[in-house]
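Examination of the molecular architecture
For reference, the chains in residue letters:
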Amino acid sequence: MKVTRRQFVTFTGGGVAAFTMTYAAPEFISQLALAQGAHVRNLVILYLSGGNDSLSMLIPYNDPFYYSRRPTLAVPAGQVLQVGTDASRVALGLHPRLTGLKQIFDQGRLALIQRTGYPNQSRSHFEGVDIWSTANPANAAGLGWVGRYLDALPSPVDALVGWNTTASMPHVLQSAQTPVPAIASPSGYAFSSPNSGAEATAERTSAVRIASHVPVDRPELAFVYGSTQGALATLDRVATVATYDGSLTGTANYPANNGFAQALKAVAGAMVRGIGTRVFYVTTGGFDTHSAQNVVQTNGAYYGLMGTINDGLLAFYNDLRNQGLLDDTLVLSFSEFGRRISENGSSGTDHGSASVMMAMGGRVNGGLYGTAPNLNTDPKNPTLENAAGDVAFETDFRSVYARVADNWLGTDSVGLLGANFRKSSLAFV
Amino acid sequence: MHTQQNAAGGRRDDYRLSPRETRITRRSDRHVEHLLRRAGCGARPDELDFYGDMSIAEAVDTLVDFDQINTDVDSLIGQPGYAGITAGGAFSPRTVIGDARQRWLFRLVHTDRPLQEKMTLFWHHHFATGYNKLANALGTTEGARYLTAKPSEDPGGVRGQLEMLRGNALGNFRDILTAIAKDPAMLYWLDGVTNTKARPQENFGREIMELFTVGVGHYTEPDVYAAARVFSGWNVQRIGSGDAAHLEFIYNAAQHETTAKTFSFPIYADGTPTIPSRAAAGGMQDGLDLINALAGNPNTARYLATKLYRFFVSEFGAPDPAFVNSIASVYLQSGYDMKAVMRELLNSRQFWDPGNAFARYSWPVEFLVRALKDVGWTGFSVSSALTPLANMGQTLYEPPDVSGWRLGKAWFSTSAMLARMNFAAQLATNQKFNIAARAKAAAAGQSPDTLLAFFQRELVTAPLDSGVVAELSTYLRATGAWTGSDAQLQAKGSGLVHLLSGSAEYQLV
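Positions within a chain are numbered from 1, following the residues in the order the chain's sequence is written. Chains and ligands are labelled by the order in which they are written, letters from A for the one and numbers from 1 for the other. Local features in this predicted model are restricted to residues whose pLDDT is 70 or higher, and side-chain atom pairs enter the listing and the counts only when it is 80 or higher, whereas totals over whole chains, interfaces and linings include all residues.

1. Points about the overall build of chain B
- Helix and strand counts for chain B stand at 26 helices and four strands.
- Radius of gyration here uses only the C-alpha atoms, and the compact-globule reference equals 2.2 Å multiplied by the residue count raised to the power 0.38. What you see for chain B is a C-alpha radius of gyration of 25 Å, in line with the 23 Å of a compact globule of 509 residues.
- With the C-alpha coordinates aligned to their principal axes, the bounding extent of chain B is approximately 85 × 60 × 40 Å.
- Each of the 509 residues in chain B was classed as buried or not, and the buried ones make up 53%. To qualify as a helix, a DSSP run of H or I must reach at least 4 residues; to qualify as a strand, a run of E must reach at least 2; elements of each kind are numbered from the N terminus. Using C-beta atoms placed from the backbone, we call a residue buried if 20 or more other C-beta atoms fall within 10 Å of its own, exposed if 12 or fewer do, and partly exposed for counts in between.

2. Focus: the overall build of chain A
- Helices and strands together make up the secondary structure of chain A, namely 11 helices and 13 strands.
- The buried share of chain A, reckoned over its 429 residues, is 58%.
- Contacts are defined on C-beta atoms placed from the backbone: any two residues whose C-beta positions lie within 7 Å are in contact. For chain A, the proportion of contacts with a sequence separation of at least 24, taken over those separated by at least 6, is 71%.

3. Considerations on the interface of chain A and chain B
- The interface of chain A with chain B comprises 46 residues on the first partner and 52 residues on the second.
- When residues of the side of chain A that touches chain B are traced back to their parent elements, those giving at least two are helix H4 (125-134), helix H6 (197-211) and helix H7 (219-242) of chain A.
- It is H7(A) that contributes the most residues to the side of chain A that touches chain B, nine residues altogether.
- Residues are grouped as follows: Ala, Val, Leu, Ile, Met, Phe, Trp, Tyr, Cys and Pro are nonpolar; Asp, Glu, Lys and Arg are charged; every other residue, Gly included, is polar. Of the residues in the side of chain A that touches chain B, the class split is 20 nonpolar, 19 polar and seven charged.

4. Overview of the domain arrangement of chain B
- Entries for chain B in the domain assignment read domain 1 (2-64 + 300-356), domain 2 (190-295) and domain 3 (364-507).
- As annotated, the domain borders come from an automatic or database domain assignment. Between the C-alpha centres of domain 2 of chain B and domain 3 of chain B the distance comes to 47 Å.

5. A word on the sheet that holds strand E4 (residues 91-94) of chain A
- Read from one edge to the other, the open sheet built from three strands follows the order E2-E4-E3 (chain A), with strand pairing classed as antiparallel. At either end of the open sheet lies a strand with only one pairing partner, and these are strand E2 (58-59) and strand E3 (81-85) of chain A. At least two DSSP bridges between two strands are needed for those strands to be called paired.

6. Brief notes about helix H13 (residues 221-230) of chain B
Residues and elements named next belong to chain B.
- Buried residues dominate H13, accounting for seven of its 10 residues.
- Considered for burial, the residues of H13 that qualify are Asp223, Val224, Ala226, Ala227, Ala228, Arg229 and Val230.
- Its buried side turned inward, H13 meets helix H12 (202-210), strand E3 (261-262), strand E4 (274-275) and helix H14 (284-295).

7. Brief notes about the environment of Ser168(A)
- Looking at the secondary structure, you find Ser168(A) in the loop between strand E6 (162-164) and H6.
- On the basis of neighbour count, Ser168(A) is assigned to the partly exposed category, with 19 C-beta atoms found within 10 Å.
- Separated by 34 residues in the primary sequence, Ser168(A) and Ala202(A) have C-alpha atoms spaced 29 Å apart.
- Once residues lying within four places of it in the same chain are set aside, the contact partners of Ser168(A) are Ala182(A), Gly393(B), Arg406(B), Ala410(B), Ser413(B) and Ala416(B).

8. Quick look at the nonpolar core
- As used throughout, a nonpolar core is a set of buried Ala, Val, Leu, Ile, Met, Phe, Trp, Tyr and Cys residues joined through C-beta atoms within 7 Å of each other. Residues Ile45(A), Leu264(A), Val267(A) and Ala359(A) are the most contacted members of the largest nonpolar core, which totals 280 residues.
- In contact with Leu264(A), other than residues within four places in its own chain, are Tyr254(A), Val282(A), Gly312(A), Ala315(A) and Phe316(A).

9. With respect to the pairing of strand E8 (residues 329-334) of chain A
Residue and element names in this part refer to chain A.
- With respect to burial, E8 is a largely interior element, six of its six residues being buried.
- Residue alternation in E8 divides its side chains into two sets, Thr329, Val331 and Ser333 and Leu330, Leu332 and Phe334, and both sets are buried.
- In terms of strand pairing, strand E1 (residues 42-48) meets E8 through six bridges, oriented parallel. Bridge pairing links Asn42 to Thr329 in E8.

10. Some thoughts on the packing of helix H23 (residues 448-458) of chain B against helix H24 (residues 466-476) of chain B
All names here are of chain B.
- In contact at an axis separation of 9 Å, H23 and H24 are set at 130° when each is read in the N-to-C sense. The orientation of H23 with respect to H24, classified from their angle, is oblique. For the pair H23 and H24, the sense of crossing is right-handed. Touching Pro448, Asp449, Leu451 and Leu452 of H23 are Leu472, Ser473 and Leu476, all from H24.
- Across the contact of H23 with H24, the residue classes break down as five nonpolar, one polar and one charged. The axes used here are C-alpha line fits, helices contributing only the stretch in contact, and every angle between their N-to-C directions lies in the interval 0 to 180 degrees. Small angles under 35 degrees read as roughly parallel and large ones over 145 as roughly antiparallel, with 65 to 115 read as roughly perpendicular and the rest as oblique. Left-handed describes a crossing whose near helix is turned anticlockwise from the far helix through less than a right angle; right-handed describes the clockwise counterpart.

11. Quick look at the packing of helix H15 (residues 298-312) of chain B against helix H16 (residues 321-333) of chain B
All names here are of chain B.
- At their nearest, the axes of H15 and H16 sit 8 Å apart, and the two run at 120° to each other. Here H15 is positioned oblique relative to H16, judged by the angle of their axes. For the pair H15 and H16, the crossing hand works out as right-handed. Between H15 and H16, the contacting residues are Pro298, Ala301, Arg302, Leu304, Ala305, Thr306, Leu308 and Tyr309 on the first element and Phe323, Val324, Ile327, Ala328, Tyr331 and Leu332 on the second.
- Across the contact of H15 with H16, the residue classes break down as 12 nonpolar, one polar and one charged.

12. Describing the environment of Ala137(B)
- Mapped onto the secondary structure, Ala137(B) falls in helix H7 (residues 131-138).
- Spatially, the C-alpha atoms of Ala137(B) and Tyr188(B) are 7.7 Å apart, while their sequence positions differ by 51 residues.

13. Structural notes on the pairing of strand E9 (residues 355-361) of chain A
All names here are of chain A.
- Within E9, seven of the seven residues are buried, which leaves the element mostly enclosed by the surrounding structure.
- Where E8 lies against E9, three bridges are found, and the strand directions are antiparallel. Residue pairing across strands places Val331 opposite Met360, the latter belonging to E9.

14. Topic: the confidence of the model for chain B
- Residue-level confidence of the predictor is summarised by pLDDT, bounded by 0 at the bottom and 100 at the top. Within chain B, residue pLDDT values average 92, and 94% of them lie at 70 or more.
- Under the prediction, the complex receives an ipTM of 0.93, its pTM being 0.79.

15. Section: the environment of Pro276(B)
Residue and element names in this part refer to chain B.
- Residue position: Pro276 is located in the loop between E4 and H14.
- The exposure class of Pro276 is partly exposed, given the 14 C-beta atoms found within 10 Å.
- Remark: the alpha-carbon pair of Pro276 and Gly484, spanning 208 residues in sequence, is separated by 79 Å.

16. Side note on unusual backbone geometry
Residues and elements named next belong to chain A.
- Between Ser155 and the following residue, Pro156, the backbone shows a cis peptide bond with an omega angle of 0°.
- With respect to the element layout, Pro156 can be found in the loop between helix H5 (145-151) and E6.
- Its identity as a non-glycine residue notwithstanding, Arg89 has a phi of 60°, on the positive side.
- Backbone geometry at Ala292 places phi at a positive 45°, although glycine is not the residue there.

Set out below in structure tokens:
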């Protein structure tokens, strides 16, 4: 029985706002749109896994408590890359390894949104990721907020509308009916057979035909059919990305030993080849720096983390700029929590609360958003919580998502997020 | 089937099965196959024969009382007739993590104690500890050692974490928890080695509650801080010299924080939530008291029962709360005896409910080992399974983080599913001649449909819809007239095995 898997569904009564036609369009429409010079809007979700110590990334280098509370971890004021002062007149600097992000910031294409979080922020990695993924602290077991967005796209939705660059499915992309293919490596994304020639072709034909018999009466099994179908339907287009080499564009240099940069190269390749993908997911880990965090040492753990994101994002930025795709792209980062302000006995930092989100792209209004925490240990310090142990949130992360939904994805954030989280001062895009 | 006859009952006794009266035939014996898909990773032909002669209760007892079976599976490594291993130099699973991965896969295929290996896999997920962090801290050799070494092969007598868990696979949960808290690999993995009096380290204190025992929602942030102080001073020391030099647990009283610690849940039998202030010399008792309290907490009982239900009974739909409570009661009443828990679970009506057959998404390791058992292993080296497993999303000794792997649907991203299909192709390629010989020996090559019927019996899947069976039949007829020649059996047999073991239905167990 051949079944049409997709049906138009409106999400939580919020209605579906007018989408530009390219969002869910099959490949040929998007290529047509590109040929006509139409802009598309790509969203790249970046997850910094483990809980990013944003106080080491965006540093209040004139705050004496920063130094007294982090005797082995603080970056000397003379080494930070100064990015000016925020609305509360706190002078801030980027981690010294973030020279590329500093360039992008100076070009006005990087927004740093300070003290993002939510009330009673979870210090659990897993619950935290679920909350950031669903945008629902009250019930974090549901679908991902990006997955819900994809579910609300008018059908038919292309099988490659999303591209997850990891091998497993992140919660943020979990959807009811829009499986996002996981394509960790475009070159390994191919159909194998024990035979060759006509026999192999017959096998692939059979696999495709079998996958069309979705057992709708067995939803758990049907889910696996969806994965098989998704793989078989996207193999050929993905193969065109496998040959993409960012070095063709001259200044883009994706370091070979940086897996995060390589994932971004595949993302850029998908955009350049115009295969129709609009939502991408990339991640880089190692941020759970409980011990030996080594922020300052050039071979240290956190220094390396900064190198990974800096080199990846800079190559991606340059590549997209050279390809004329920068204005079509928004990168949005999140992490499950920031870290404790005072360092622990292991020269590391334990799980904390509010953190910094980044938004990067050709249409981003760069700069510093929100205000930095004052790190004074006074328990009444309003910018801190947990007896001045953690950074208190100032901007609900859902307000950031709302801005992206309303002003970038062209959907209704109230419907997508289930409530009005709009905050007009967050005009980063 | 009698499982259905029992289905209406509500009495406690009805959760158990009566002995199976008859043995059905090999490869159609649904009971044995179901039992071994769950209590093991599928069944080799000799396992089907062995368990097929038993009643269900006998089979469950044989699986649970595995210490009665004395075969040393490791002694079979390198012997003819078994799956191969491929080592860069001398095979050294004690010091080379890739060799350790091969050894575990070999054990999973060839063990005569399938439930011991299955539970070890369960505990590896539950107490998920990753090699990379250890290797970064201690070097690659030592990183492998504290996860995988057997005391009998280690000059210092080190028992790696997974060997400890294998030895305790159906042991007492409080003992397992105590051993994990003292385990050198865990002490590095969750930073216990840096937990000091002046600067308590929260990582282990948090996860022992969130992931190992009571679960989210049953502890508070102050509990985390208190637990960190409880375990301050739990550390390692290096003893011995030369090859025998190794790390061993030590309680370092000088680094123990001695003030009282109060929790949001009872610590002692009288309901007291406070661990009293103790002199540093006796402060290790703090941790033992907390472990005792956590092991006996009813939330731990339910958390474990739910996790076991999902691993052994069904991942589809919510678990029956009454059943979870009944398993939790056995856990508590038996004094945390996992043998009693598993005997109860494997004899339960829920386990045998036909509605729960094929109601789990296989883990990559389960899928891969089962495929080897079904398709064949002669001439196959388990080393060639390591990259495919990584592509499917499961590398042994390298769970993605302390919460283990993301299970169920999360195993089935498109690339992970493609990796399963491609492993099915790889194995069918490797076994092409064996597949054809097997079909020929069974006289299954007379027609496309006899071949299809044969391999549907050999590779048991969740039921295939008639439309799917018709597609497979079409495939067998696709490239020319049927002759049943050896060449055709190789081509079509391997293609069919690829399609069947790479099917969605085969991924359910």
